[in-house]
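Observations on the model geometry
Each chain, letter by letter, is given below.
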Amino acid sequence: NAGVTQTPKFQVLKTGQSMTLQCAQDMNHNSMYWYRQDPGMGLRLIYYSASEGTTDKGEVPNGYNVSRLNKREFSLRLESAAPSQTSVYFCASSGGGRQAWNGELFFGEGSRLTVL
Amino acid sequence: GEDVEQSLFLSVREGDSSVINCTYTDSSSTYLYWYKQEPGAGLQLLTYIFSNMDMKQDQRLTVLLNKKDKHLSLRIADTQTGDSAIYFCASSGGSYIPTFGRGTSLIVHP
């Protein structure tokens, strides 16, 4: 049981380049999330998808786009990367949407992105 | 919006108890969580407490909730070097999406 799988694990980009972070979960979860983690800032929500076919902005959506490709997959795209987007990105999923039994989030191992 | 605050660092000796504190602002929080993040890994749920409870104990872990003061604490008894990690407090209020604190780095000295 793989849980939440993110690719790539590491990436170095130049300013202005684009890239897509991929995320897939095999737990049949309804909801999926993208967070970024910066030192001393904790986790900040970028975008989330409550269910297949819906996406919503989180706390820090500027400079990002997302696609909920199907129930399993939720991708995060940086159209024109900036040094301020250097961070560790985490994908997460949870079970029952608004009726999740305790709201537990299951996290991937993270994607470490450096923008030069 | 919802805010969750916790201190950034805690240093303890192996065998001592560790207490990590957290305050939150959303009085409608239904669940309160403690997540653990080990180096180079994602977060994993350590324990959680439902808002109508005052205390929850799970082996070496004790969670205390003071709903009046919106204060949550995590006590780890007999702290081991393997407990060294970042501990995140989180709360879920009207939205089912948890809001995370900035994380407390627990350093355990032999």
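Each remark here, short or long, concerns the structure printed above.
Structural notes, computed from the coordinates. Throughout this document, residue positions are counted from 1 along each chain, in the order its sequence is written. Chain A is the first chain written and ligand 1 is the first ligand written, with later ones labelled in order. Only residues with pLDDT of 70 or above have their local features reported here, since the model is predicted, and side-chain atom pairs are shown and tallied only from 80 upward, although totals for entire chains, interfaces and linings are computed over all residues. The basis for the side-chain values is all heavy atoms of the structure; hydrogens and waters are excluded.

**Examining the sheet that holds strand β6 (residues 55–58) of chain B**
To summarise the sheet geometry, strands pair through backbone hydrogen bonds and adopt either a parallel or an antiparallel arrangement. Residue and element names in this part refer to chain B. The five strands are arranged β1-β3-β8-β7-β6 in an open sheet whose pairing can be described as antiparallel. Lying at the two open borders of the sheet, with one neighbouring strand each, are β1 (4–6) and β6. Averaged over all neighbouring strand pairs, the angle between strand axes comes to 15°, with direction disregarded. Here strand β3 (residues 18–24) pairs with strand β8 (residues 71–76) via six bridges, running antiparallel. Only strands that DSSP links by at least two bridges are regarded as paired with each other. The secondary structure listing takes helices from DSSP runs of H or I that are at least 4 residues long and strands from runs of E that are at least 2 residues long, numbered from the N terminus. With axes taken as lines fitted to C-alpha atoms, and helix axes fitted only over the stretch in contact, angles between N-to-C directions fall between 0 and 180 degrees.

**Comments concerning the environment of Thr 20 of chain A**
Residue and element names in this part refer to chain A. The topology assignment puts Thr 20 in strand β3 (residues 19–25). For Thr 20 and Asp 56, which are 36 residues apart along the polypeptide, the C-alpha to C-alpha distance reads 18 Å. In contact with Thr 20, other than residues within four places in its own chain, are Pro 8, Ser 75, Leu 76 and Arg 77. Among the polar contacts made by the side chain of Thr 20, one reaches the side chain of Arg 77 at a distance of 2.8 Å. In what follows, residue pairs with any heavy atoms lying within 4.5 Å of each other are defined as contacts. Contacts described as polar in this section are N or O atom pairs within 3.5 Å, which, within protein, must combine one atom able to donate a hydrogen with one able to accept it, while residues neighboring in sequence count only if both atoms come from side chains.

**As for the interface of chain A and chain B**
Facing the 23 residues of chain A at the interface are 17 residues of chain B. Summing both partners gives a buried area of about 1700 Å² for chain A against chain B, and 59% of it is carried by carbon and sulfur. A side-chain nitrogen of Lys or Arg and a carboxyl oxygen of Asp or Glu constitute a salt bridge if their distance falls within 4 Å. On the surface where chain A and chain B come into contact, there are zero salt bridges. Along the contact surface separating chain A from chain B lie four residue pairs in polar contact (both at pLDDT 80 or more). Within the residue set of the side of chain A that touches chain B, elements represented by two or more residues are β4 (31–38) and β5 (42–49) of chain A. Only Asp, Glu, Lys and Arg are considered charged in this grouping, and only Ala, Val, Leu, Ile, Met, Phe, Trp, Tyr, Cys and Pro are considered nonpolar; every other residue, Gly among them, is considered polar. Among the residues making up the side of chain A that touches chain B, the classes are represented as 11 nonpolar, eight polar and four charged. Computed with a 1.4 Å rolling probe, the buried area is the accessible surface lost when two parts are put together, summed over both parts.

**Thoughts on the side chain of Gln 6 of chain B**
Residues and elements named next belong to chain B. In this structure, Gln 6 sits in strand β1. Since its relative accessible area comes to 6%, Gln 6 is described here as buried. If we ignore the near neighbours within four places in the chain, the residues touching Gln 6 are Ile 20, Asn 21, Cys 22, Trp 34, Tyr 87, Phe 88, Cys 89, Gly 101, Arg 102, Gly 103 and Thr 104. Accessibility here uses a 1.4 Å probe with only protein chains present; expressed as a share of the type maximum, an area under 20% marks a residue as buried, one over 50% as exposed, and anything in between as partly exposed.

**Topic: the pairing of strand β11 (residues 104–109) of chain B**
Residues and elements named next belong to chain B. Direction of pairing for strand β2 (residues 9–13) relative to β11: parallel, over a ladder of five bridges. Among the inter-strand pairings, Phe 9 is bridged to a residue of β11, identified as Ser 105. With three bridges joining them, strand β9 (residues 85–92) and β11 adopt antiparallel strand pairing. Residue Tyr 87 lies in a different strand from β11, and its bridge partner there is Thr 104.

**Description of the packing of aromatic side chains**
In this description, a pair of aromatic rings is defined by centroid distance and the angle of the planes. In this analysis, rings of Phe, Tyr and Trp, with Trp reduced to its six-membered ring, are considered paired at centre separations within 6.5 Å, and the interplanar angle assigns stacked below 30 degrees, edge-to-face beyond 60, and tilted for intermediate values. Considering all chains together, one arrives at 13 aromatic pairs over all chains under this definition. Ring-pair connections join several aromatic residues into one group, and the members of that group are Tyr 33, Tyr 35, Phe 90 and Phe 107 of chain A together with Tyr 31, Tyr 33, Tyr 35, Tyr 48, Phe 50, Phe 88 and Phe 100 of chain B. The ring of Tyr 48 of chain B carries Lys 56 of chain B above its face, with NZ or CZ at 3.9 Å from the centroid. The rule is short: NZ of Lys or CZ of Arg within 6 Å of the ring centre and within 35 degrees of the ring normal puts a charge over the ring.

**Quick word on the environment of Leu 106 of chain B**
Residue and element names in this part refer to chain B. Mapped onto the elements of the fold, Leu 106 is located in strand β11. Distance from Leu 106 to Leu 32, taken between C-alpha atoms, is 19 Å for residues 74 residues apart in sequence. Apart from the residues lying within four places of it in its own chain, the contact partners of Leu 106 are Leu 10, Val 12, Ser 18, Ile 76, Thr 79, Asp 83, Ser 84, Ala 85 and Tyr 87.

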